[in-house]
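Given next are the chains, with one letter for each unit.
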Amino acid sequence: YVSPYRGEAFNIPVLEAAACGPPIICTGGGPTDEFVTPEFGRFIESELRPVMLPDGPKREPVEGFSLAPDGDHLATPMGDLVGDDDFAAAARRAGPAFVRDGWTWAHAVDKLLAVLRAP
């Protein structure tokens, strides 16, 4: 599963894909860094670049940042994984186990309730 994104708040499709077991390739430096591990994923090199974003009720531009995945580097992890049956087999085990052990809706609800119950 390949997700060369520029800007995402979370990118749940990558987490959903990991739950299904394919090797994952996604932009490094963004939200997927929190839930893609070397056991089942690889990252595309990227850099933060300034961009103008619409903001406010009049949608006036303000300065912000966007991730810029390196298109040339994208081919590297893709090429590395082609034919790597050992990594594919490891990803089929590691991705679903990782999601099951810490990223289900039940885990999210437990974390939310812990925050709500905190003094």
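Bear in mind the structure is a predicted one, so any value in this text is a computation, not a measurement.

Parameters at a glance
- Residues numbered from 1 in each chain as written.
- Predicted model: local features only at pLDDT ≥ 70, side-chain atom pairs only at ≥ 80, totals over all residues.
- Heavy atoms only, no water.
- Helix = DSSP H or I, 4+ residues; strand = E, 2+ residues; numbered from the N terminus.
- Rg over C-alpha atoms; globule rule 2.2 N^0.38 Å.
- Buried < 20%, exposed > 50% of the residue type's maximum accessible area, 1.4 Å probe, protein only.
- Axes fitted to C-alpha atoms, helices over the stretch in contact; angles between N-to-C directions.
- Parallel < 35°, antiparallel > 145°, perpendicular 65-115°, else oblique.
- Contact = heavy atoms within 4.5 Å.
- Nonpolar A, V, L, I, M, F, W, Y, C, P; charged D, E, K, R; others polar.
- Pairing = 2+ DSSP bridges.
- Right-handed = clockwise from strand over helix to strand, strands pointing away.
- 1 Å grid on protein atoms, 1.4 Å probe; cavity = no way out; pocket = protein on both sides within 12 Å on 5 of 7 lines; lining within 4 Å.
- Points joined across faces, edges and corners; volume = space filled by probe spheres on them.

What about the overall build of the protein?
Counting secondary structure elements, the protein contains four helices and five strands. Of the regular secondary structure in the protein, the N- to C-terminal order runs β-α-β-β-β-β-α-α-α. Taking 2.2 N^0.38 as the reference for a compact globule, 119 residues should give roughly 14 Å; the C-alpha atoms of the protein span a radius of gyration of 17 Å, well beyond that estimate. The dimensions of the protein, computed from C-alpha atoms along their principal axes, are 50 × 45 × 20 Å. With 119 residues in all, the protein has 33% of them scored as buried.

A word on the packing of helix 1 (residues 12–20) against helix 3 (residues 85–102)
For the pair helix 1 and helix 3, interaxial distance at closest approach is 6 Å and the crossing angle is 120°. What the angle tells us is that helix 1 and helix 3 run oblique. Between helix 1 and helix 3, the residues in contact are Leu 15, Ala 18, Ala 19 and Cys 20 and Gly 95, Pro 96 and Val 99, respectively. The residue inventory of the contact of helix 1 with helix 3, partitioned by class, reads six nonpolar, one polar and no charged.

A few points about the pairing of strand 2 (residues 24–27)
Pairing of strand 1 (residues 2–3) with strand 2, which is carried by two bridges, proceeds in the parallel orientation. Paired with Ser 3 across the two strands is Cys 26, which belongs to strand 2. With helix 1 bridging strand 1 and its parallel neighbour strand 2, the resulting β-α-β unit is right-handed. Relative to strand 3 (residues 41–44), strand 2 runs parallel, the two being bridged by four bridges. Paired with Cys 26 across the bridge in strand 3 is Phe 43.

A word on the layout of surface pockets
Computed from the structure, the largest pocket encloses a volume of approximately 200 Å³. Around the largest pocket, the lining is made up of 13 residues, and of these Ile 12, Leu 15, Trp 103, Thr 104 and Trp 105 lie nearest the centre. Listing elements by their share of the lining of the largest pocket, those giving two or more residues are helix 1, helix 3 and helix 4 (105–117). Within the lining of the largest pocket, the residues separate by chemical class into eight nonpolar, three polar and two charged.

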